[in-house]
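Residues per chain are reported as follows:
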Amino acid sequence: QVELVESGGGLVQAGGSLRLSCAASERISTRIIGWYRQAPGKQRELVAVITTGGTIRYADFAKGRFTISRDNARNTYLQMDNLKPEDTAVYYCNSGGTTYRSGPNWGLGTQVTVSS
């Protein structure tokens, strides 16, 4: 089972940017990788997902502000711009799923806090 480790979270002011990284323990070139987030008291939700062929799907709230990318080796990234306080959440990396459903492999998450 592939292990996923997220990094890059932190505290940022509204309007700022963060770049999250997800490092896999093995090559992930054949896997769909997704970023999800969970805010306190809310369900985990999809942020963005990218396929091996480069097809990308974004949640509506992420369109125009977030960019997902991958190097098709072991790393996947989530560039987040124009952050808002409502983006505050723990962000998780996920693999093994589809563009509409998460897979079985999760990282431990990285905290993103956006102050107003």
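Analysis parameters
- Residues numbered from 1 in each chain as written.
- Predicted model: local features only at pLDDT ≥ 70, side-chain atom pairs only at ≥ 80, totals over all residues.
- Heavy atoms only, no water.
- Disulfide = S-S within 2.5 Å.
- Helix = DSSP H or I, 4+ residues; strand = E, 2+ residues; numbered from the N terminus.
- Buried < 20%, exposed > 50% of the residue type's maximum accessible area, 1.4 Å probe, protein only.

1. A short note on the state of the cysteines
Thinking step 1. By the definition in use, this model includes one disulfide.
Thinking step 2. Sulfur-sulfur distance for the disulfide between Cys22 and Cys93 comes to 2.0 Å. Its torsion about the S-S bond being -85°, the disulfide of Cys22 and Cys93 is classed as left-handed. One end of the pair, Cys22, is in strand β3 (residues 18-24); the other, Cys93, is in strand β9 (residues 89-95), with 71 residues separating them in the sequence.
Thinking step 3. For Cys22, a relative accessible area of 1% gives the class buried.
Thinking step 4. Residue class for Cys93 comes out buried when judged on its relative accessible area of 0%.

2. Describing unusual backbone geometry
Thinking step 1. One non-glycine residue, Asn82, lies in positive phi territory at about 50°.
Thinking step 2. Topologically, Asn82 is positioned in the loop between β8 (75-80) and β9.

None of this, on its own, says anything about what the molecule does.
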